[in-house]
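Structural description and commentary
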Amino acid sequence: MFSQEKNSILFIGDSFFKNNYLLDKISNNYLKVYDTNILLDSSLVDGMNCIRQIQNKESLQTKLKNGQFKYIVLQSPSLLKPGIYDELCNTINKLQTLCPSVEQIILVPLNECVSFPNYKCANINGEIQCNIYQTCNAEHDTVLAITTKLTETFNLLEALPFSELKRKMKKFSFPKKDDIYGHPSKEIQEILARCFLIWINKDTSLLKDEVFIQKMTNRIFSLSQEDSEEIMQSFISIIHRNK
(Lines give C-alpha, C1' and ligand atoms only; values in the text may rest on other atoms or scores of the structure.)
Protein backbone atom coordinates (compact mmCIF):
# COMPACT_ATOMS: atom_id res chain seq x y z
CA MET A 1 0.00 0.00 0.00
CA PHE A 2 2.67 2.52 1.06
CA SER A 3 5.93 0.76 0.23
CA GLN A 4 6.50 2.42 -3.15
CA GLU A 5 6.36 5.92 -1.70
CA LYS A 6 9.65 7.11 -0.22
CA ASN A 7 9.23 8.36 3.36
CA SER A 8 5.46 8.19 2.94
CA ILE A 9 4.68 7.69 6.65
CA LEU A 10 6.12 9.93 9.37
CA PHE A 11 5.64 9.20 13.08
CA ILE A 12 5.87 12.08 15.57
CA GLY A 13 5.85 11.32 19.27
CA ASP A 14 7.76 10.92 22.51
CA SER A 15 8.97 7.96 24.54
CA PHE A 16 5.77 5.93 24.14
CA PHE A 17 6.35 5.57 20.40
CA LYS A 18 10.12 5.30 20.92
CA ASN A 19 10.33 2.60 23.61
CA ASN A 20 10.52 -1.01 22.47
CA TYR A 21 10.84 -0.03 18.80
CA LEU A 22 7.29 0.58 17.60
CA LEU A 23 8.41 1.33 14.03
CA ASP A 24 10.40 -1.91 13.81
CA LYS A 25 7.32 -3.83 14.90
CA ILE A 26 5.18 -2.07 12.29
CA SER A 27 7.78 -2.88 9.62
CA ASN A 28 7.94 -6.53 10.69
CA ASN A 29 4.15 -6.90 10.56
CA TYR A 30 3.94 -5.14 7.21
CA LEU A 31 6.55 -7.52 5.79
CA LYS A 32 4.64 -10.47 7.21
CA VAL A 33 1.44 -9.37 5.45
CA TYR A 34 2.70 -7.96 2.16
CA ASP A 35 6.04 -9.75 1.74
CA THR A 36 7.68 -6.41 1.02
CA ASN A 37 9.27 -3.66 3.07
CA ILE A 38 7.71 -0.38 4.11
CA LEU A 39 9.69 2.85 4.41
CA LEU A 40 9.01 4.81 7.61
CA ASP A 41 10.43 8.00 9.07
CA SER A 42 10.12 9.45 12.56
CA SER A 43 10.70 12.25 15.01
CA LEU A 44 10.61 10.58 18.42
CA VAL A 45 11.93 12.66 21.32
CA ASP A 46 11.72 11.64 24.97
CA GLY A 47 9.53 14.05 26.95
CA MET A 48 8.60 16.20 23.94
CA ASN A 49 5.08 15.73 22.60
CA CYS A 50 3.98 16.23 19.01
CA ILE A 51 2.66 19.76 19.66
CA ARG A 52 5.96 21.03 21.03
CA GLN A 53 7.91 19.31 18.26
CA ILE A 54 5.84 20.65 15.38
CA GLN A 55 5.71 24.14 16.84
CA ASN A 56 9.34 24.43 17.97
CA LYS A 57 11.67 21.72 16.63
CA GLU A 58 13.49 23.19 13.63
CA SER A 59 14.88 19.88 12.38
CA LEU A 60 11.35 18.42 12.25
CA GLN A 61 10.01 21.53 10.52
CA THR A 62 12.73 21.13 7.88
CA LYS A 63 11.89 17.43 7.52
CA LEU A 64 8.22 18.29 7.00
CA LYS A 65 9.01 20.91 4.38
CA ASN A 66 11.31 18.59 2.42
CA GLY A 67 9.81 15.16 3.03
CA GLN A 68 6.68 15.06 0.83
CA PHE A 69 4.95 12.91 3.45
CA LYS A 70 1.45 11.70 2.61
CA TYR A 71 0.73 10.04 5.96
CA ILE A 72 1.65 11.47 9.37
CA VAL A 73 1.00 9.65 12.65
CA LEU A 74 0.81 11.72 15.83
CA GLN A 75 1.17 10.32 19.33
CA SER A 76 -1.56 12.31 21.01
CA PRO A 77 -0.83 14.40 24.07
CA SER A 78 -3.39 14.01 26.86
CA LEU A 79 -6.76 15.04 25.48
CA LEU A 80 -7.87 15.94 29.02
CA LYS A 81 -5.52 18.89 29.31
CA PRO A 82 -7.43 22.20 29.42
CA GLY A 83 -7.21 24.00 26.07
CA ILE A 84 -5.87 20.94 24.25
CA TYR A 85 -8.41 21.19 21.42
CA ASP A 86 -7.21 24.67 20.44
CA GLU A 87 -3.56 23.62 20.80
CA LEU A 88 -4.07 20.65 18.51
CA CYS A 89 -6.03 22.73 15.98
CA ASN A 90 -3.18 25.23 15.78
CA THR A 91 -0.66 22.41 15.49
CA ILE A 92 -2.53 20.57 12.74
CA ASN A 93 -2.94 23.81 10.79
CA LYS A 94 0.81 24.40 11.06
CA LEU A 95 1.48 20.78 10.08
CA GLN A 96 -0.58 21.23 6.90
CA THR A 97 1.26 24.46 6.10
CA LEU A 98 4.69 22.88 6.61
CA CYS A 99 3.79 19.72 4.71
CA PRO A 100 1.08 20.46 2.11
CA SER A 101 1.56 16.98 0.61
CA VAL A 102 -0.01 15.31 3.66
CA GLU A 103 -3.23 13.49 2.80
CA GLN A 104 -3.98 11.79 6.10
CA ILE A 105 -3.09 12.53 9.72
CA ILE A 106 -3.66 9.72 12.22
CA LEU A 107 -3.95 10.76 15.87
CA VAL A 108 -3.24 7.96 18.37
CA PRO A 109 -4.66 8.61 21.87
CA LEU A 110 -2.82 6.47 24.42
CA ASN A 111 -2.96 6.97 28.20
CA GLU A 112 -5.07 9.85 29.41
CA CYS A 113 -5.56 10.69 33.11
CA VAL A 114 -2.17 9.47 34.22
CA SER A 115 -0.36 11.46 31.56
CA PHE A 116 -1.65 14.74 32.98
CA PRO A 117 -0.73 15.00 36.70
CA ASN A 118 -3.53 17.40 37.70
CA TYR A 119 -5.96 14.50 37.30
CA LYS A 120 -5.71 12.25 40.35
CA CYS A 121 -7.78 9.18 41.09
CA ALA A 122 -7.75 6.08 43.24
CA ASN A 123 -9.86 2.97 43.21
CA ILE A 124 -10.87 2.27 46.82
CA ASN A 125 -13.16 -0.63 47.63
CA GLY A 126 -14.37 -0.68 44.05
CA GLU A 127 -15.25 3.03 44.05
CA ILE A 128 -13.53 5.67 41.95
CA GLN A 129 -12.28 8.77 43.77
CA CYS A 130 -11.36 11.50 41.29
CA ASN A 131 -11.01 15.26 41.55
CA ILE A 132 -12.49 15.74 38.07
CA TYR A 133 -14.80 12.89 37.04
CA GLN A 134 -17.42 10.83 38.84
CA THR A 135 -16.57 7.72 36.82
CA CYS A 136 -13.89 6.59 34.41
CA ASN A 137 -16.59 6.56 31.73
CA ALA A 138 -16.79 10.34 31.99
CA GLU A 139 -13.06 10.60 31.30
CA HIS A 140 -13.38 8.38 28.22
CA ASP A 141 -16.42 10.35 27.06
CA THR A 142 -14.29 13.50 27.19
CA VAL A 143 -11.60 11.89 25.04
CA LEU A 144 -14.22 10.73 22.55
CA ALA A 145 -15.83 14.18 22.41
CA ILE A 146 -12.50 15.88 21.67
CA THR A 147 -11.41 13.37 19.03
CA THR A 148 -14.83 13.60 17.38
CA LYS A 149 -14.64 17.39 17.30
CA LEU A 150 -11.13 17.27 15.84
CA THR A 151 -12.07 14.81 13.09
CA GLU A 152 -15.09 16.95 12.22
CA THR A 153 -12.87 20.04 12.02
CA PHE A 154 -10.17 18.43 9.84
CA ASN A 155 -11.26 16.16 6.99
CA LEU A 156 -7.81 14.61 6.73
CA LEU A 157 -7.63 13.71 10.46
CA GLU A 158 -8.50 10.28 11.87
CA ALA A 159 -8.34 9.15 15.49
CA LEU A 160 -7.10 5.59 15.95
CA PRO A 161 -8.99 4.46 19.10
CA PHE A 162 -6.09 2.87 20.95
CA SER A 163 -6.99 4.39 24.33
CA GLU A 164 -10.38 2.70 24.05
CA LEU A 165 -8.68 -0.63 23.42
CA LYS A 166 -6.30 -0.09 26.36
CA ARG A 167 -9.32 0.34 28.60
CA LYS A 168 -10.52 -3.10 27.53
CA MET A 169 -7.06 -4.61 28.10
CA LYS A 170 -6.94 -3.87 31.83
CA LYS A 171 -8.20 -7.36 32.67
CA PHE A 172 -5.31 -9.07 30.90
CA SER A 173 -2.00 -10.01 32.52
CA PHE A 174 0.91 -7.87 31.33
CA PRO A 175 4.60 -8.15 32.30
CA LYS A 176 4.71 -4.79 34.09
CA LYS A 177 2.16 -3.44 36.55
CA ASP A 178 2.12 -0.03 34.86
CA ASP A 179 2.16 -1.35 31.32
CA ILE A 180 -1.39 -0.25 30.51
CA TYR A 181 -0.57 3.27 31.70
CA GLY A 182 3.16 3.89 31.46
CA HIS A 183 5.91 3.12 29.00
CA PRO A 184 4.95 0.21 26.77
CA SER A 185 6.33 -3.27 27.07
CA LYS A 186 7.11 -5.21 23.92
CA GLU A 187 3.59 -6.70 24.22
CA ILE A 188 1.81 -3.34 24.20
CA GLN A 189 4.04 -2.05 21.42
CA GLU A 190 3.33 -5.16 19.32
CA ILE A 191 -0.41 -4.67 19.89
CA LEU A 192 -0.17 -1.03 18.78
CA ALA A 193 1.83 -2.03 15.68
CA ARG A 194 -0.83 -4.54 14.67
CA CYS A 195 -3.61 -2.05 15.43
CA PHE A 196 -1.94 0.45 13.12
CA LEU A 197 -1.77 -2.07 10.31
CA ILE A 198 -5.41 -3.03 10.83
CA TRP A 199 -6.39 0.65 10.90
CA ILE A 200 -4.76 1.50 7.56
CA ASN A 201 -6.57 -1.48 6.03
CA LYS A 202 -9.97 -0.84 7.62
CA ASP A 203 -11.53 0.38 4.37
CA THR A 204 -10.11 -2.44 2.24
CA SER A 205 -11.17 -6.02 1.64
CA LEU A 206 -8.04 -7.16 3.48
CA LEU A 207 -9.79 -6.64 6.81
CA LYS A 208 -12.15 -9.48 5.81
CA ASP A 209 -9.32 -11.78 4.74
CA GLU A 210 -8.93 -14.77 7.08
CA VAL A 211 -5.17 -15.03 6.55
CA PHE A 212 -4.67 -11.35 7.37
CA ILE A 213 -6.82 -11.59 10.52
CA GLN A 214 -4.96 -14.71 11.62
CA LYS A 215 -1.60 -12.93 11.28
CA MET A 216 -2.92 -9.99 13.30
CA THR A 217 -4.40 -12.14 16.09
CA ASN A 218 -1.75 -14.81 16.61
CA ARG A 219 0.06 -15.07 19.93
CA ILE A 220 1.78 -11.96 21.28
CA PHE A 221 4.92 -12.79 23.29
CA SER A 222 3.92 -13.61 26.91
CA LEU A 223 0.18 -13.30 26.25
CA SER A 224 -1.69 -16.52 25.53
CA GLN A 225 -3.12 -17.21 22.11
CA GLU A 226 -6.62 -16.74 23.54
CA ASP A 227 -5.81 -13.39 25.17
CA SER A 228 -3.94 -12.15 22.10
CA GLU A 229 -6.84 -13.05 19.85
CA GLU A 230 -9.41 -11.47 22.16
CA ILE A 231 -7.46 -8.20 22.33
CA MET A 232 -7.05 -7.85 18.58
CA GLN A 233 -10.61 -8.95 17.85
CA SER A 234 -11.75 -6.27 20.32
CA PHE A 235 -9.96 -3.65 18.24
CA ILE A 236 -11.53 -4.97 15.04
CA SER A 237 -14.93 -4.78 16.76
CA ILE A 238 -14.27 -1.15 17.72
CA ILE A 239 -13.55 -0.36 14.07
CA HIS A 240 -16.73 -2.07 12.85
CA ARG A 241 -18.81 -0.33 15.53
CA ASN A 242 -17.44 3.10 14.64
CA LYS A 243 -18.04 2.78 10.89
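Report on the accompanying structure. Note that the structure is predicted; figures quoted are calculated from it, not measured.

1. Comments concerning the overall build of the protein chain
Looking only at helices and strands, one finds 10 helices and 7 strands in the protein chain. Within the protein chain, the fraction of its 243 residues that count as buried is 51%. Within the protein chain, residue pairs in contact and separated by at least 24 positions form 74% of the contacts whose partners lie at least 6 positions apart. Surface summary for the protein chain: the accessible area is close to 12,000 Å², and the carbon and sulfur share equals 47%.

2. With respect to the side chain of Thr91
Tracing the sequence through the fold places Thr91 in helix H5 (residues 84-98). Since its relative accessible area comes to 1%, Thr91 is described here as buried. Excluding anything up to four places from it in sequence, Thr91 contacts Cys50, Ile51, Ile54 and Gln55.

3. Notes on the side chain of Asn29
By the secondary structure assignment, Asn29 is in helix H2 (residues 22-34). The exposure class assigned to Asn29 is buried, which follows from its relative accessible area of 2%. Of note is the side chain of Asn29, whose polar atom sits 3.1 Å from the side chain of Glu190. Those residues in contact with Asn29 that lie beyond four places of it in its chain are Glu190, Ala193, Arg194, Leu197 and Met216.

4. Points about the sheet that holds strand E7 (residues 157-159)
Strand order across the open sheet formed by 5 strands is E2-E1-E3-E4-E7, with parallel pairing between neighbours. In this open sheet, the two edge strands, each paired with only one partner strand, are strand E2 (40-44) and E7. Pairwise comparison of adjacent strand axes, ignoring direction, gives a mean angle of 20 degrees for this sheet. Pairing of strand E4 (residues 104-108) with E7, which is carried by 3 bridges, proceeds in the parallel orientation. Pairing of Leu107 across the sheet is with Ala159, part of E7. Its contacts with the sheet put helix H4 (residues 58-67) on strand E1 (9-13), E2 and strand E3 (71-75), and the angle it makes with E1 is roughly 160 degrees.

5. Regarding the layout of surface pockets
Roughly 520 Å³ of internal volume is contained in the largest pocket. Around the largest pocket, the lining is made up of 23 residues, and of these Leu144, Thr147, Pro161, Glu164 and Asn242 lie nearest the centre. Elements with a contribution of two residues or more to the lining of the largest pocket: helix H6 (136-153), E7, helix H7 (162-168) and helix H10 (225-242). A per-class count over the lining of the largest pocket returns 9 nonpolar, 6 polar and 8 charged.

6. Considering the pairing of E1
For E1, the buried fraction is high: 5 of the 5 residues fall into the buried class. Of the two faces of E1, the one lined by Ile9, Phe11 and Gly13 and the one lined by Leu10 and Ile12 are each fully buried. Where E1 meets E2, 5 bridges bridge the pair, whose relative direction is parallel. When the sheet's bridge partners are listed, Ile12 is paired in E2 with Ser43. Bridge analysis of E1 against E3 gives 4 bridges, and the strand direction is parallel.

7. Examining the packing of aromatic side chains
This structure, assessed with the given rule, holds 4 aromatic pairs. Residues Trp199 and Phe235 carry aromatic rings whose centres are separated by 6.5 Å and whose planes lie at 50 degrees to one another, so their mutual orientation is tilted. Taken together, the residues span a long stretch of sequence, with Trp199 in helix H8 (residues 186-200) and Phe235 in helix H10 at a distance of 36 residues. Taken individually, Trp199 and Phe235 each receive the classification buried, so the pair is uniform in this respect. Ring pairs connect the aromatic residues Phe11, Phe17 and Phe196, which therefore count as one cluster. The side chain of Lys149 reaches across the aromatic face of Tyr85, ending 4.2 Å from its centre.

The rules behind each value
Numbers given for residues are sequential positions, taken from 1 along each chain in its written order. This being a predicted model, a pLDDT of at least 70 is required before a residue's local features are given, and a value of 80 or more before pairs of side-chain atoms are given or counted; all residues contribute to the totals for chains, interfaces and linings. As a rule here, side-chain values cover all heavy atoms of the structure and leave hydrogens and water aside. Going along the chain from the N terminus, every DSSP run of H or I of four or more residues is numbered as a helix, and every run of E of two or more is numbered as a strand. Burial classification: accessible surface area is computed with a 1.4 Å probe over protein chains only, and a residue below 20% of its type maximum counts as buried, one above 50% as exposed, and the rest as partly exposed. Any pair of residues with heavy atoms lying within 4.5 Å of one another is described as a contacting pair. In these tables, accessible area is a Shrake-Rupley quantity obtained with a 1.4 Å probe, and a residue counts as shielded only by the protein chains included in the view. The definition of a polar contact used here is a pair of N or O atoms within 3.5 Å, where within protein one atom must be able to donate a hydrogen and the other to accept one, and adjacent residues in sequence count solely through side-chain atom pairs. Should DSSP find at least two bridges between two strands, the strands are taken to pair. Geometry is summarised by axes, namely lines fitted to C-alpha atoms with helices restricted to the contacting stretch, and by angles between N-to-C directions that run from 0 to 180 degrees. Using a 1 Å grid laid over the protein atoms alone, points where a 1.4 Å probe fits but cannot get out form a cavity; open sets with protein on both sides within 12 Å along at least 5 of 7 lines form a pocket; any residue with an atom within 4 Å of a point counts as lining. Grid points are joined across faces, edges and corners, and a volume is the space filled by probe spheres set on the points. Any residue that is not Ala, Val, Leu, Ile, Met, Phe, Trp, Tyr, Cys, Pro, Asp, Glu, Lys or Arg is counted as polar, Gly included; the first ten are nonpolar and the last four charged. Pairing of aromatic side chains here covers Phe, Tyr and the six-membered ring of Trp, requires ring centres within 6.5 Å, and sorts the geometry by plane angle: under 30 degrees stacked, over 60 edge-to-face, intermediate tilted. Think of it as a cone above the ring: NZ of Lys or CZ of Arg counts as a charge over the ring if it is within 6 Å of the ring centre and within 35 degrees of the ring normal.

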